[in-house]
Structure formats: structure tokens, C-alpha cells
Amino acid sequence: MVQEALTNAIKHATGRPTRVTVHHRAGHIDIEVTTDGSALVEGPAVPSGGRGLDGLRRRIQMLNGELSAGARPGGGFSDRALIPFRSTA
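Residues numbered from 1 in each chain as written. Predicted model: local features only at pLDDT ≥ 70, side-chain atom pairs only at ≥ 80, totals over all residues. Heavy atoms only, no water.

(A) Inspection of the pairing of strand β3 (residues 66-71) at higher detail. Taken together, the six bridges between β3 and strand β4 (residues 77-84) define a ladder with antiparallel strand orientation. Across the sheet, residue A69 finds its bridge partner in β4, namely D79. Linkage of β3 to β4, two consecutive antiparallel strands, is achieved through a turn of five residues, within which G74 is found at a positive phi near 85°. (Pairing = 2+ DSSP bridges. Helix = DSSP H or I, 4+ residues; strand = E, 2+ residues; numbered from the N terminus.)

This is how it looks when you write it as C-alpha cells:
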């Protein structure tokens, strides 16, 4: 999730501040990657491999997780995944 979101930030918002937050919560992991502002370049700075958010969404669904991704108010983009887990402790 983090790798895909950071790759997208490089492709679509080169040079913009990007933050990764990971929270371990009861029963799930909450991951969010946010990028400020809009892209600095016309089109992707890096060629696309074609998997993007659809592929990421499918991989997270295989873990019974959820992905939300979209534009942020005031500019930028956010990817957020909630991935459940069972404790073995």
C-alpha cells in the first residue's frame, strides 16, 4: 500500500510534501498516505505500469480490507487502507 501510494505521489505530484501514517489499532491496521497540493508537471513524471489504484484495491480486498482514495479538499490526494488482522497473542 505504502509503496504504491508513494509511487503515485512521485508520478503525479513530484516535489510535493507527502506523509505516511500507520496506526496499529484493535483488530486492524490503518494506513494513510497524503500528498499536498497539485502536480508540478504536466502528466506523470514516471511512466505508469498500469496497475495503480485498481490493482491496489484488489490486493487489499484479498486481505478483507478496504481502500479509499481521492482528492483532498484544497488540493492533494489521500490513499487510506484499513486492513484487518487477528492477534495470535
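(B) Molecular detail of the environment of I83. As for its position among the elements, I83 is in strand β4. Spatially, the C-alpha atom of I83 lies 5.3 Å from that of H28, the residues being 55 residues apart in sequence. In this view, I83 contacts G27, H28, I29, I31, I60, L63 and G65; residues no more than four positions away in its chain are not counted. (Contact = heavy atoms within 4.5 Å.)

(C) How the structure looks around the sheet that holds strand β1 (residues 18-25). The sheet built from four strands is open, its strands ordered β1-β2-β4-β3 with antiparallel pairing. What marks the edges here is a single partner per strand, and that holds for β1 and β3. Across the sheet, the axes of successive neighbouring strands diverge by a mean angle of 10°, strand direction being ignored. Sheet analysis places β1 next to strand β2 (residues 28-35), joined by eight bridges and oriented antiparallel. Note that in β2 the partner of R25 across the bridge is H28. Together, β1, β2 and β4 form the strand contacts of helix α1 (residues 2-12), whose direction differs from that of β2 by roughly 10°. Lying over the sheet, helix α2 (residues 52-62) contacts β3 and β4, oriented at roughly 155° with respect to β3. (Axes fitted to C-alpha atoms, helices over the stretch in contact; angles between N-to-C directions.)

(D) Broad picture of the pattern of salt bridges. Scanning the model with the defined rule gives five salt bridges in all. Between D36 and R19 there is a salt bridge, and its shortest N-O distance comes to 2.7 Å. On the criterion of sequence distance, the pair formed by D36 in the loop between β2 and α2 and R19 in strand β1 is long-range, its members being 17 residues apart. D36 sits in the partly exposed class, given a relative accessible area of 23%. Note that D30 is salt-bridged to R25, the shortest N-O span being 3.8 Å. Judged by its relative accessible area of 5%, D30 falls in the buried class. A relative accessible area of 38% means that R25 is categorised as partly exposed. (Salt bridge = Lys/Arg side-chain N within 4 Å of Asp/Glu carboxyl O. Buried < 20%, exposed > 50% of the residue type's maximum accessible area, 1.4 Å probe, protein only.)

(E) Main features of α1. Buried within α1 are the following residues: E4, A5, N8, A9 and K11. Down the axis of α1, the buried set is contained in an arc of 165°. They therefore lie on one face. Lining the buried residues of α1 we find β1, β2, α2 and β4. (Arc of directions from axis to C-beta.)

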